Every structure is written in structure tokens, then in C-alpha cells.
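So the chains spell out like this:
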Amino acid sequence: MSELTPEEMSGETLDPHALPEDLPVTVIMRRYAVHATPWLDEKWQALAVLVPVDPAPEAALQPLSVEGMDDQLRYEGLRLRLHKDQCESYYYNMLSDQPRLFVMARPDDDGRPRPFHVSASFDEAGAGMEGDELVFPVAIPPQIYRWMEAYVLIHYVPQLKYKRKLTHAG
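Residues numbered from 1 in each chain as written. Predicted model: local features only at pLDDT ≥ 70, side-chain atom pairs only at ≥ 80, totals over all residues. Heavy atoms only, no water.

Q: Could you give an account of the side chain of N93, naming the residues involved and the relevant values?
A: Inspection of the secondary structure puts N93 in helix α2 (residues 87-95). N93 gets classed as buried once you look at its relative accessible area, which sits at 0%. A distance of 2.6 Å separates the side chain of N93 from the backbone oxygen of R100, its partner in a polar contact. Discounting chain neighbours no more than four positions away, the residues touching N93 are P99, R100, F102, A120, F122, I140 and M148. (Helix = DSSP H or I, 4+ residues; strand = E, 2+ residues; numbered from the N terminus. Buried < 20%, exposed > 50% of the residue type's maximum accessible area, 1.4 Å probe, protein only. Polar contact = N/O pair within 3.5 Å; in protein donor to acceptor, adjacent residues only side chain to side chain. Contact = heavy atoms within 4.5 Å.)

Q: Before we move on, can you summarise the packing of aromatic side chains with the specific residues and values?
A: Counting across every chain of the model gives 3 aromatic pairs. Between F102 and F122 the ring centres are 5.8 Å apart and the planes differ by 55°, which places this aromatic pair in the tilted class. Of this pair, F102 sits in strand β5 (residues 100-107) while F122 sits in helix α3 (residues 122-130), placing them 20 residues apart in sequence. By relative accessible area, which is 37% here, F122 ends up partly exposed. Among the aromatic side chains, those forming a connected cluster through ring pairs are Y91, Y92 and Y156. In this arrangement the basic side chain of R106 is found over the ring face of F116, its NZ or CZ atom lying 3.8 Å from the centre. (Phe/Tyr/Trp six-rings, centres within 6.5 Å; stacked < 30°, edge-to-face > 60°. Lys NZ or Arg CZ within 6 Å of the ring centre and 35° of its normal.)

Q: How would you explain the nonpolar core if you had to name every residue and give the values?
A: V27, V49, Y90, L101, V103, V118 and I144 are the most contacted members of the largest nonpolar core, which totals 31 residues. Elements that contribute at least two residues to this core include exactly β1 (22-33), β2 (42-50), β4 (69-81), α2, β5, β7 (134-139) and α4 (142-155). If you tally residues by element for this core, the top one is α4, at 6 residues. Excluding anything up to four places from it in sequence, L101 contacts V49, L80, V118, S119, A120, F136, P137, V138, I140, P141 and I144. (Core = buried A, V, L, I, M, F, W, Y, C linked by side-chain atoms within 4.5 Å.)

Q: So what's going on with the confidence of the model for the protein chain? Residues and values would help.
A: For residues with low pLDDT, the predicted coordinates do not support detailed interpretation. Mean pLDDT over the protein chain stands at 83; residues scoring 70 or higher make up 79%. Here residues 6-11 is modelled with pLDDT under 50, and outside its nearest four sequence neighbours on either side it reaches 11 contacts, counting other chains as well. (pLDDT = per-residue confidence, 0-100.)

Right, dumping it as C-alpha cells:
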């Protein structure tokens, strides 16, 4: 993905057809030993979501060990897709102090989290947590942030806020 020009950053010259609606992503997960509680032996965290230079096909969702790191797994073949109806959630995510992506996962047979979805939407992350999915927040890399920002500039139309008028019955 190329760098955006100042004109494109303002949203004035962005071509909606030139901007992809999804990107291939790789998720890096890390296992930590937990010693403070007798109920847990380990805890998992999403370390990063990266845009690979040479993306793997979607079928390659098997964990790959990170070279020299027994406690890290790499999951390739996922896609980060943006949706026009989620632009408000993306907008507020980007305005937050720490913009995040959300890696949603389910435990595999060995108890390791297996990512199945990556989102930039607070709403999707909340729905995943309500549905008992494992949701791991991770910082948005600059390349994905710029792509998401351009997408929001093109597609987000803020809704006007209004107050309802109370009507008194009787």
C-alpha cells in the first residue's frame, strides 16, 4: 500500500475504488507463564497484527512457531475486512487514546487460542465478548491505521444527534 498524499488524507481526492475493503493479516500470539494463581498455568496475549509482504492463502490458519521463540505462535491467512456500516465504530476507535484492533479467537484442542477473526470495530469486539469468544486487543500498526483512516474518510457520514421531544399524555 502506498503512502497517502495530503490531498488524499483530507478525503477530497481518495478514490473509493482504489482502496481495498480488506487486507491480509498475520497475528502473532504469545504465551506467558502465570505464577500468581493456582488456577492458571499460562495466559495468552496478541502481540501484533501485521500486514504480510507475501500473504499466505486463507486455508493456512495453522499456528506456526516463531523462529527461536517457543512461546510465540504466528497465524497467517486471516483478513481484516472493513464494513461501511461499522464506520462510526472505526471513527471512535481511531479517536481513542489507544486505537486497537481486536483479535477474536476460540480455544483449540490444546487450549491455545486460535484466531478466526480480526476487527477494528468496538461493536464487533463487544459482541464477541458477549458471545464468549476470546477477544485480544492489540495496537493498530501505522499501515493499517492509514488504510482505515482513508476508508473512514470516504465512507463515514456522521449521524446528526437530536433530542426527542417529550409528549405528555392526558
